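# Working through the structure, step by step
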Amino acid sequence: MPRYFFNTRIGDELIVDPDGEDLRNPDRAWEVARQMILEVVKSEGTQRALLEAVIEVTDADGEIVLEFPFTEALLDLPDQSATKH
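Scope of this entry: the structure provided in the associated data block. Just so it is clear, the model here is predicted, and its values are computed rather than measured. (Residues numbered from 1 in each chain as written. Predicted model: local features only at pLDDT ≥ 70, side-chain atom pairs only at ≥ 80, totals over all residues. Heavy atoms only, no water.)

## Describing the overall build of the chain
The number of helices and strands found in the chain is three helices and five strands. If you list the helices and strands of the chain from N to C, you get β-β-β-α-α-β-β-α. Every one of the 85 residues in the chain was classed for burial, and the buried ones make up 29%. Pairs at least 24 residues apart make up 48% of the contacts formed inside the chain by residues separated by at least 6 positions. With the model as given, the accessible surface of the chain reaches about 5900 Å², and the carbon-plus-sulfur share is 49%. (Helix = DSSP H or I, 4+ residues; strand = E, 2+ residues; numbered from the N terminus. Buried < 20%, exposed > 50% of the residue type's maximum accessible area, 1.4 Å probe, protein only. Contact = heavy atoms within 4.5 Å. Areas by Shrake-Rupley, 256 points an atom, 1.4 Å probe, with all protein chains shown as cover.)

Now the structure itself:
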């Protein structure tokens, strides 16, 4: 299985994931990145810097496989304000 690294870019700062995670494909890496963003926002809140942050998912060669903006994960949340019957 390929190894993916989930690096976080906040402005000019890059927080590197030194370990990575073995996942079956880029679609699964997308799901993991989304979940990571939601966990960070849940614990840290919607600080301006976080809303401008991006998870850069790279492969073992350091090539960017996908970039996932924090705002994209938040926009993808189900509408919690809707009344359910």
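## Some words on helix α1 (residues 26-44)
Along an α-helix, residues three or four apart share an orientation, since each turn contains 3.6 residues. With 19 residues, α1 ought to run about 27 Å at 1.5 Å a step, and its terminal C-alpha atoms sit 26 Å apart, in line with that. When we look at burial in α1, the residues that qualify are A29, V32, A33, R34, I37, L38 and V41. Contacts from the buried residues of α1 go to β1 (3-10), β3 (21-22), β4 (54-58), β5 (64-69) and α3 (70-75). Directly after α1, the chain includes G45, whose backbone phi takes a positive value near 85 degrees. (Expected span 1.5 Å × (residues − 1).)

## Observations concerning the nonpolar core
Counting residues in hydrophobic clusters, the biggest one holds 17 residues, and the most contacted among them are F6, I37, I55, V57, F68 and F70. Counting residues per element, this core draws most heavily on α1, which supplies six residues. Setting aside its immediate chain neighbours within four residues, F70 contacts T8, I37, V40, V41, L50, A53, V54 and I55. (Core = buried A, V, L, I, M, F, W, Y, C linked by side-chain atoms within 4.5 Å.)

## What about the pairing of β5?
Here β4 pairs with β5 via five bridges, running antiparallel. Across the sheet, the residue bridging to I55 is F68, located in β5. The turn joining β4 and β5, which pair antiparallel and follow one another in sequence, is formed by five residues; a positive phi near 85 degrees is taken by G62. (Pairing = 2+ DSSP bridges.)

## Some points on the environment of L66
With respect to the helices and strands, the residue L66 is situated in strand β5. What makes L66 buried here is its relative accessible area of 15%. Each C-alpha atom, one on L66 and one on A29, is 8.6 Å from the other, the two residues being 37 residues apart in sequence.

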